[in-house]
Amino acid sequence: MTSLLHSSNKGIETIEFHHPKGNSLPRKILDNLATAIKHAGDNPEVKIIKLKSKGNTFCAGASFDELLAITNDNDASEFFSGFGKVIESIKNCPKFVVAEVQGKAVGGGVGLIAACDYAVATEEASIKLSELSIGFGPFVIAAVVIRKIGLSAFSTLTIDSKKWQTATWAFQKGLFNDLTTNTNELEIRTSELCETLAEYSSEAMKSIKDLLWEGYDNLPNIHRKRAVLSGKLSQSTLTQSILSKFRKITR
């Protein structure tokens, strides 16, 4: 069952998303996720936002089923704007967003983690940018991933698009800020961090967040242009054929 849940406790807003197909997210969930983050950021009672997902996979990127149903460049561009909207919502949120990463992340899922201000992960949280192997590229999420791990590491992920990089690799490159051995330790560590941050000055944390995102005011324009490029490439015969084969395998 598809869901987006959120709860608040001691100034910590927990937002949890879920989709039965490996947390591959359709536009509706992405839109709702962006809205939920904005509302939490606007709520004066919220000090910290914790972003997590349900299941063994953190996020498998965008919904291929939804992409296959699209038949024109404009709709495809809107589809690829989904993760961009969530990333912008995280960037514009005046509160720190902490990611709790319990499993693998692909494509847009890597972008979500990169956009968060702090990410705690388990050793099972390997990552991959598979877009090139499908026929397009991780264009929309590129800016925030490069911001977090650098151009060299991004190029490794992008070009070697079928290879899973380990959680240790992601930690060493800076995508993850902390690494735990299992999900129990993950939950404890993330909760302790959020509880500690909730006691700090909101004004100071907002100022630090502004510093961390300095120079990224043009991000919405970048996302729009790259969503158009992604949409156009996704409608090619080759990409549609690859997506169709992938859907048959995963059914």
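Scroll up a little and you will see the structure.
Remember, predicted model here, so these are calculated numbers, not experimental data.

Caption draft 1: Here's a closer look at the overall build of the chain. Helix and strand counts for the chain come out as 12 helices and 8 strands. For a compact globule of 251 residues, the expected C-alpha radius of gyration is about 18 Å, and the chain comes in at 17 Å, within 12% of that figure. Residue pairs in contact within the chain that sit at least 24 positions apart in sequence constitute 74% of those at least 6 positions apart. Carbon together with sulfur atoms contributes 52% to the accessible area of the chain, which is approximately 11900 Å² in total.

Caption draft 2: Up close: the packing of helix α4 (residues 108-115) against helix α6 (residues 142-149). Contact pair α4 / α6: the axes reach a minimum separation of 8 Å and the direction vectors enclose 55 degrees. Here α6 runs oblique to α4, going by the angle between their axes. Handedness of the crossing formed by α4 with α6: left-handed. Note on element contacts: α6 touches α4 through V144, V145, R147 and K148, opposite V110, G111, I113 and A114. Along the lines of polarity and charge, the residues of the contact of α4 with α6 split into 5 nonpolar, 1 polar and 2 charged.

Caption draft 3: Examining the sheet that holds strand β8 (residues 178-180) more closely. Spatially, β1-β2-β3-β4-β6-β8 is the arrangement adopted by the 6 strands of the open sheet, whose pairing is mixed. The sheet is open, and its two borders are formed by β1 (3-9) and β8, each paired with just one other strand. Between one strand and the next, the sheet's axes are offset by a mean angle of 20 degrees, whatever the strand orientation. Two elements, β1 and strand β2 (residues 12-18), share 7 bridges in a ladder whose sense is antiparallel.

Caption draft 4: Looking closely at the packing of aromatic side chains. Counted under the stated rule, the structure contains 4 aromatic pairs. Centroid distance F79 to F80: 5.1 Å. Interplanar angle 90 degrees. Geometry classified as edge-to-face. For the pair shown, F79 and F80 are each scored as buried. Judged by centre distance (5.9 Å) and plane angle (90 degrees), the rings of W213 and Y216 are edge-to-face. Of the aromatic side chains, those joined through ring pairs into one cluster are F79, F80 and F136. Above the ring of W213, the side-chain terminus of R147 is found at 3.7 Å from the ring centroid. A cation sits over an aromatic face here: R147 above Y216, 5.9 Å from the ring centre.

Caption draft 5: View of unusual backbone geometry. A positive phi is found at K10, a non-glycine position, where the angle reads about 55 degrees. In this structure, K10 sits in the loop between β1 and β2. Classification of K10 as exposed rests on a relative accessible area of 68%. The phi angle at N23 is positive, at roughly 55 degrees, despite the residue not being glycine. Take N23: it is sitting in the loop between β2 and α1 (27-42).

Caption draft 6: Fine view of the pairing of strand β4 (residues 96-101). Most of β4 is tucked away: 6 of the 6 residues are buried. With burial as the criterion, each face of β4 is covered, one bearing F96, V98 and E100 and the other bearing V97, A99 and V101. As defined by bridge partners, strand β3 (residues 48-53) adjoins β4 across 4 bridges and the pair is classed as parallel. Along β4, the bridge assignment pairs I48 with F96. Two strands pair when backbone bridges link them, and β4 and strand β6 (residues 118-122) are joined in this way by 4 bridges, in the parallel orientation.

Caption draft 7: How the structure looks around the nonpolar core. Ranked by internal contacts, the top residues of the largest apolar core, which has 64 residues, are I127, L175 and F176. In this structure I127 touches A105, V110, L157, K163, W164, Q165, W169, A170, L175 and F176, once residues within four positions along its chain are discounted. In this structure, I48, F96, V98 and A198 belong to the second largest nonpolar core, which totals 11 residues.

Caption draft 8: Spatial organisation of the environment of G11. You can see G11 is positioned in the loop between β1 and β2. Separated by 34 residues in the primary sequence, G11 and E45 place their C-alpha atoms 5.9 Å from one another. Ignoring anything within four residues of it in the chain, the contact list for G11 reads E45, V46, K47 and I48.

Conventions used here
Every chain begins its residue count from 1, and numbering advances along the sequence as written. Local features in this predicted model are restricted to residues of pLDDT 70 or higher, and side-chain atom pairs are both shown and tallied only at a pLDDT of 80 or more, whereas totals for entire chains, interfaces and linings draw on every residue. Side-chain numbers here rest on the full set of heavy atoms in the structure, without hydrogens or water. Runs of E in the DSSP output that reach at least two residues are strands. Runs of H or I that reach at least four are helices, and both are numbered from the N terminus. The globule rule used for comparison is 2.2 Å times the number of residues to the exponent 0.38, while the radius of gyration itself is calculated over C-alpha atoms. Two residues qualify as a contact provided that any one of their heavy atoms is within 4.5 Å of a heavy atom in the partner residue. We get accessible surface area from the Shrake-Rupley algorithm with a probe of 1.4 Å; when it comes to residues, only the shown protein chains can shield them. Structural elements are reduced to axes, namely lines fitted to C-alpha atoms, with helices fitted over the stretch in contact, and the angle between N-to-C directions of any two is expressed from 0 to 180 degrees. Between 65 and 115 degrees an angle is taken as roughly perpendicular, under 35 as roughly parallel, over 145 as roughly antiparallel, and anywhere else as oblique. Two helices that cross are described as forming a left-handed crossing if the nearer one is turned anticlockwise from the farther one by less than a right angle, and a right-handed crossing if clockwise. Amino acid classes used here: Ala, Val, Leu, Ile, Met, Phe, Trp, Tyr, Cys and Pro are nonpolar; Asp, Glu, Lys and Arg are charged; the rest, including Gly, are polar. When DSSP finds two or more bridges between two strands, those strands count as paired. Two rings from Phe, Tyr or Trp (for Trp, the six-membered ring) form a pair when their centres are within 6.5 Å of each other. A pair whose planes differ by under 30 degrees is stacked, one over 60 is edge-to-face, and the rest are tilted. In this scheme, a residue with accessible area under 20% of its type's maximum is buried, one over 50% is exposed, and one in between is partly exposed, where area comes from a 1.4 Å probe on protein chains only. Definition used: whenever NZ (Lys) or CZ (Arg) falls within 6 Å of the ring centre and also within 35 degrees of the ring normal, the charge is taken to sit over that ring. What makes a nonpolar core is a set of buried Ala, Val, Leu, Ile, Met, Phe, Trp, Tyr and Cys residues whose side-chain atoms join them at distances within 4.5 Å.

So, to be careful, I would describe these as geometric facts and stop short of saying anything about function.
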